[in-house]
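Now for the letters of each chain:
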Amino acid sequence: QEKLERLSVADALRAIQFAEVVVLVIDAAIPFEKQDLQIADLVLREGRALVIAVNKWDAIEDKDAAAVRIKEAAREQLAQAPGAPLVFLSALTGRHVEKLMPAVVNVYVDWNARVKTHDLNEWLKMATERHPPPAARGRRMKLRYIAQTKTRPPTFVAQCTNASELPASYRRYLVNGIREAFAIQAAPIRLILRTPDNPYSDE
């Protein structure tokens, strides 16, 4: 049994590496088990788009309460994928299976999203004015330029003084801001911070 499980995991890992969109099938009765979360985390770290299929929905009696509980669990345990769609379905009866492919297409569109540099920098200006970056060694950090360098997943590079010292909380603020401003809800977003080569660029 253990060997079979190892082979199954290895097969899943290979599938993720060659995928564009990954559909993670979980059990509605016992959602987000440890292995489910590990696979979801790997999907996102590999930069793949994620759809969560909540299977065996036919066996759930109080569907409204279960849906609320599963959505809350997804928000808490998959915070790195806040927009990953949940599709409640039954492979046994076929109910709501037709909703799966539209969800896949939607996340695929987000995965290929491209934002104009001008629009990004207008957003960055407003975002940093609304919530300025913190100070590092007594000097306020500055973000002056951002551009999208690629899609699949959407990847952005921002120029930041003392980039290595920008807190993770502020990085999350920026990523969440990009999601909201440009409606990229269902794909992982990568934000790379770089310190300009010119040491006097923040003067």
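The rules behind the values
- Residues numbered from 1 in each chain as written.
- Predicted model: local features only at pLDDT ≥ 70, side-chain atom pairs only at ≥ 80, totals over all residues.
- Heavy atoms only, no water.
- Salt bridge = Lys/Arg side-chain N within 4 Å of Asp/Glu carboxyl O.
- Helix = DSSP H or I, 4+ residues; strand = E, 2+ residues; numbered from the N terminus.
- Buried < 20%, exposed > 50% of the residue type's maximum accessible area, 1.4 Å probe, protein only.
- Pairing = 2+ DSSP bridges.
- Right-handed = clockwise from strand over helix to strand, strands pointing away.
- Axes fitted to C-alpha atoms, helices over the stretch in contact; angles between N-to-C directions.
- Contact = heavy atoms within 4.5 Å.

(A) Region of the structure containing the pattern of salt bridges. Overall, the coordinates contain 4 salt bridges when judged by the stated rule. In this structure, the salt-bridge partner of Asp11 is Arg14, at a minimum N-O distance of 3.5 Å. A residue pair is termed a helical-turn pair when its members lie 3 or 4 positions apart in one helix, as Asp11 and Arg14 do in helix α1 (residues 2-18) at 3 residues. Among the residues examined, Arg14 registers a relative accessible area of 47% and is labelled partly exposed. With a shortest N-O distance of 3.3 Å, Asp27 and Lys56 are connected by a salt bridge. Of this pair, Asp27 sits in strand β1 (residues 21-27) while Lys56 sits in the loop between β2 (49-55) and α3 (63-77), and the two are 29 residues apart along the sequence. Judged by its relative accessible area of 22%, Asp27 is partly exposed. Classification of Lys56 as partly exposed rests on a relative accessible area of 45%.

(B) Broad picture of the pairing of strand β7 (residues 155-160). For β7, the buried fraction is high: 5 of the 6 residues fall into the buried class. Pairing geometry for strand β6 (residues 143-150) and β7, over 6 bridges, is antiparallel. When the sheet's bridge partners are listed, Leu143 is paired in β7 with Cys160. Once β6 ends, the chain turns through 4 residues before running back antiparallel as β7, passing Arg152 with a positive phi of about 60°. As defined by bridge partners, β7 adjoins strand β8 (residues 190-194) across 5 bridges and the pair is classed as parallel. In the sheet register, Thr155 faces β8, and the bridge partner there is Arg190. Handedness of the crossover joining β7 and β8 through helix α6 (residues 168-182) is recorded here as right-handed.

(C) Summary view of the sheet that holds β2. Here 3 strands make up an open sheet; going across it, the order is β1-β2-β3 and the pairing parallel. The two strands at the open ends of the sheet, each matched to only one other strand, are β1 and β3 (86-88). Each strand axis lies, on average, 25° off the axis of its neighbour in the sheet, ignoring direction. Taken together, the 3 bridges between β2 and β3 define a ladder with parallel strand orientation. Within β3, the position partnered with Ile52 by the bridge is Leu86. This element, α3, spans β2 and β3 of the sheet and lies at about 155° to β3.

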